[in-house]
Amino acid sequence: MTIEKANGVGPSSIAIAYERFGDPSAPALLLIMGAGTQMHGWPDDFCAGLVAHGLHVVRFDNRDVGESTHFHDAPKPDLAAVIAGDHSTASYTLSDMAADTVGLLDVLGIRAAHLVGASLGGFVAQTIAIEHPERALSLTSMMSTTGNADVGQLRSDAREIFSWPRPTNRVEAGERAVRLARTLGSPGFEHDFDLI
């Protein structure tokens, strides 16, 4: 697939990198990835399988990820504090990210889509369903929660992920991806660490 870029997306007028699979006239399914993970976190074979079921699949890089707009001058958020409910260090909100995503749908001429979000992407998908319900045909939120502190909290070893240093090269990124899969992946399934 060829990565394309939409410019002037949403109220923030940012650039969003994306890929499309399948017939654009088929029902749209939008894959929203989690924090710090590029669109390629949704494997090509997974996207092809969805297309085989008659869907038009779109995957994209959220802001501050991959080939989409990065906010280099924004202060670094305290992710542990954000997870604990203190959002004072966040430079943007889930509503901003939802508006980016709806803006991408606008650019692509998609009136409404099935929303599938993983982790942070699940939060974004939920926010779209709440704030832009006419744009959501359905909602699948994976490895995510409602934000209620009494529901769906991370295990301590998984929470530690947010303190891991950011990779600075391809080898570190690969090692981080494998460590992430080992920490978050289902123990009931084998992992293809070469693919990861």
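These notes cover the structure that comes with them. Everything numeric in this text was worked out from a predicted model, so none of it was measured. (Residues numbered from 1 in each chain as written. Predicted model: local features only at pLDDT ≥ 70, side-chain atom pairs only at ≥ 80, totals over all residues. Heavy atoms only, no water.)

## A look at the sheet that holds strand 6 (residues 136-142)
Right, so step 1: The strand order across the open sheet built from six strands is 1-2-4-3-5-6, with neighbouring strands paired in mixed fashion. Taken across any chain shown, the strands that pair with only one partner, and hence form the sheet edges, are strand 1 (4-9) and strand 6. Neighbour to neighbour, the strand axes of the sheet diverge by 25 degrees on average, direction disregarded.
Right, so step 2: Examined bridge by bridge, strand 3 (residues 28-32) and strand 5 (residues 113-118) share four bridges and lie parallel to one another. (Pairing = 2+ DSSP bridges. Helix = DSSP H or I, 4+ residues; strand = E, 2+ residues; numbered from the N terminus. Axes fitted to C-alpha atoms, helices over the stretch in contact; angles between N-to-C directions.)

## Topic: the packing of aromatic side chains
Right, so step 1: Tallied over the full model, the rule gives two aromatic pairs.
Right, so step 2: Centre to centre, the rings of Trp-42 and Phe-46 are 5.8 Å apart; their planes meet at 20 degrees, and the pair counts as stacked.
Right, so step 3: Of the residues examined, Trp-42 reaches a relative accessible area of 4% and is grouped as buried.
Right, so step 4: Each ring, one from Phe-71 and one from Tyr-92, has its centre 5.7 Å from the other, and the planes form 45 degrees; the classification is tilted. Note that Phe-71 is positioned in the loop between strand 4 (56-60) and helix 2 (79-83) and Tyr-92 in the loop between helix 2 and helix 3 (94-108), a separation of 21 residues in sequence.
Right, so step 5: Owing to a relative accessible area of 29%, Phe-71 belongs among the partly exposed residues under this scheme.
Right, so step 6: We note Arg-63 situated over the ring of Tyr-92; from NZ or CZ to the ring centre the distance is 4.5 Å.
Right, so step 7: If you follow Arg-182 out to its NZ or CZ, it ends over the ring of Phe-193, 4.3 Å from the centre. (Phe/Tyr/Trp six-rings, centres within 6.5 Å; stacked < 30°, edge-to-face > 60°. Buried < 20%, exposed > 50% of the residue type's maximum accessible area, 1.4 Å probe, protein only. Lys NZ or Arg CZ within 6 Å of the ring centre and 35° of its normal.)

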